[in-house]
Amino acid sequence: MNNYRNIRVTVQENIALITISRPDVLNALNSETVTELLKAVQELEHDPRAHIVIITGDGKAFVAGADITEMNSKGPEEARTYSELGHSLMRAIQNMGKAAIAAVNGYALGGGTELALACDIRIASENAQFGLPETILGIIPGWGATQRMPRLVGTAVAKELIFTGEIISARRALEIGLVNRVVPDEDLMTAAMDMARKIKHQGPIAVSHAKQVINRGMDRPLQEGCGLEIDAFVSCFNTEDQKEGLQAFIEKREPRFKGR
Ligand code: DAK
């Protein structure tokens, strides 16, 4: 695993944990951190030890946004490069053939909410706060929130969040369907690990196919999405895991998946 300056990456029990660590600036994402995150995700995609990825933040924040100090010196061309870099990261997480869980502690603002949105599942601590305050800076979200937020919570709520820049509590995030669950602060990592273990127990190829089909289907008419599901369902029948999963049920035992 690489030596990173702004993140830490560990793998235990086939669960990878990426911790963003720039606590002095509440884990604000500068270009270097985004580049490191992208590299880590790309490496974990091909790391057979890692079946699931959890992303969290060090200290009192998940991520307080894109690094405003760095953005301040950018012109339009650099803004495009910066936006594209962030989009590459979010796309890599979304398209990764493994489930990604955001364990959201404290502030998840701007790019922090966008990073959480790119993950498959969001678990928030009670002290988590979400928001897209970019318009107060005279900009718009640049790492996918104008697209992913309305797909997740609907256009009306997404527009309210983006137009007003309102910061919302974890409870409100749960109400609007932005997060999957809210847990006491001290239970956050346990809850994220428990969720990761549950997913890990399932057939890994099946989870990967399900993720791809759900994500790709969201951008297509229902019938096309159902077509994707048929193809992926059939693909499962070319795997040893499918034979093992069904046989284990018949033999009333736990399956031993090999991921092939
Ligand atoms: N960037 C840089 N530094 C930040 C930061 C950020 N986003 N957030 C906090 N910090 C720094 C603070 O400046 C402070 O540094 P020092 O003064 O100690 O040197 C340190 O972190 C601690 O912050 P505070 O002292 O402010 O801590 P508080 O607990 O009092 O307040 C806060 C916490 C989160 C409410 C406050 O720090 C805050 O409002 N931060 C900014 C939150 C924010 O607006 N986030 C959204 C950023 S905009 C795009 C690409 C991407 C994006 C948009 C466009 N394109 C290229 C088109 C994404 C945009 C964003 O994410």
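The structure displayed is predicted, hence computed values, not measured ones. (Residues numbered from 1 in each chain as written. Predicted model: local features only at pLDDT ≥ 70, side-chain atom pairs only at ≥ 80, totals over all residues. Heavy atoms only, no water.)

Engineer: Sorry if this is basic, but what is going on with the pattern of salt bridges here?
Structural biologist: Pairing of side chains with opposite charge becomes possible as their charged atoms draw close. Taken as a whole and assessed by the stated rule, the structure comprises 15 salt bridges. Between Arg8 and Asp58 there is a salt bridge, with its nearest N and O atoms 3.0 Å apart. With Arg8 in strand β1 (residues 7-12) and Asp58 in the loop between β3 (52-57) and β4 (61-63), the pair connects residues that are 50 residues apart, well separated along the chain. Among the ionic pairs, Asp219 bridges to Arg151, the shortest N-O distance being 3.2 Å. Note that Asp219 is positioned in the loop between α9 (204-217) and α10 (222-236) and Arg151 in helix α5 (residues 145-153), a separation of 68 residues in sequence. (Salt bridge = Lys/Arg side-chain N within 4 Å of Asp/Glu carboxyl O. Helix = DSSP H or I, 4+ residues; strand = E, 2+ residues; numbered from the N terminus.)

Engineer: Help me understand the sheet that holds strand β7 (residues 121-125), please; the structure alone is not making it clear to me.
Structural biologist: Within a sheet, adjacent strands bond to each other through the backbone by hydrogen bonds, running parallel or antiparallel. Taken together, six strands build an open sheet; the order of strands is β1-β2-β3-β5-β7-β10 and the sheet is mixed. Edge positions in the sheet fall to β1 and β10 (181-183), since each has one partner strand and no second. Here the average twist between neighbouring strands, direction ignored, is 20°. Of the strand pairs in this sheet, β3 and strand β5 (residues 99-104) are connected by four bridges, and their pairing is parallel. Following the sheet pairing, Ile52 is matched in β5 by Ala99. (Pairing = 2+ DSSP bridges. Axes fitted to C-alpha atoms, helices over the stretch in contact; angles between N-to-C directions.)

Engineer: Would you explain the packing of aromatic side chains in this entry?
Structural biologist: Enumeration over the complete set of coordinates arrives at two aromatic pairs. Sitting above the plane of the Tyr82 ring, Lys74 keeps its charged end 4.8 Å from the centroid. (Phe/Tyr/Trp six-rings, centres within 6.5 Å; stacked < 30°, edge-to-face > 60°. Lys NZ or Arg CZ within 6 Å of the ring centre and 35° of its normal.)

Engineer: What's the story with the environment of Ala248 in this structure? I'm lost.
Structural biologist: Structurally, Ala248 can be placed in helix α11 (residues 240-250). Setting aside anything within four residues of it in sequence, one finds Ala248 in contact with Arg253, Glu254 and Pro255. (Contact = heavy atoms within 4.5 Å.)

Engineer: Where do I start with the site of the ligand in this structure?
Structural biologist: The immediate surroundings of the ligand are formed by 26 residues, with Ala64, Ala66, Ile68, Ala79 and Gly111 found nearest. Within the side chain of Lys60, one N or O atom sits 3.0 Å away from an oxygen atom of the ligand. One of the backbone nitrogen or oxygen atoms of Ile68 is found 2.9 Å away from a nitrogen atom of the ligand. When the ligand sits alone it has 1100 Å² of accessible area, and the protein chains cover 64% of it. Of all the secondary structure elements, the ones that give two or more residues to the shell around the ligand are α2 (68-72), α3 (76-95), β6 (107-109) and α4 (111-118). When residues of the shell around the ligand are assigned to their parent elements, the largest contribution, three residues, is made by α3. (Near = heavy atom within 4 Å. Polar contact = N/O pair within 3.5 Å; in protein donor to acceptor, adjacent residues only side chain to side chain. Areas by Shrake-Rupley, 256 points an atom, 1.4 Å probe, with all protein chains shown as cover.)

Engineer: It is not clear to me how the sheet that holds strand β8 (residues 129-131) should be interpreted in this structure. Could you clarify?
Structural biologist: Strand order in this open sheet of four strands is β4-β6-β8-β9, and the pairing throughout is mixed. Only two strands of the sheet have a single partner each, and these edge strands are β4 and β9 (168-169). Two elements, β8 and β9, share two bridges in a ladder whose sense is antiparallel. Paired with Phe130 across the two strands is Ile168, which belongs to β9.

Engineer: Could you clarify how one ought to interpret α4 in this entry?
Structural biologist: Owing to its 3.6 residues per turn, the α-helix aligns residues three or four sequence positions apart on the same side. Burial runs high along α4: eight of the eight residues are buried. Buried residues of α4: Gly111, Gly112, Thr113, Glu114, Leu115, Ala116, Leu117 and Ala118, and no others. (Buried < 20%, exposed > 50% of the residue type's maximum accessible area, 1.4 Å probe, protein only.)

Engineer: Is there a simple way to explain the nonpolar core in this structure?
Structural biologist: A general feature of soluble globular proteins is that nonpolar side chains tend to end up buried together. One finds Ile18, Phe130 and Leu178 to be the most contacted residues of the largest nonpolar core, which totals 52 residues. Among the elements that line this core, the one with the most residues is helix α1 (residues 31-45), at six residues. In this structure, Ile18 is in contact with Ile7, Arg8, Val9, Leu37, Ala40, Val41, Leu44, Val53, Ile54, Ile55 and Thr56, ignoring residues within four places of it in sequence. Core analysis: the next-biggest nonpolar cluster, separate from the first, contains 16 residues, Ile52, Met193, Ala196 and Ile199 among them. (Core = buried A, V, L, I, M, F, W, Y, C linked by side-chain atoms within 4.5 Å.)

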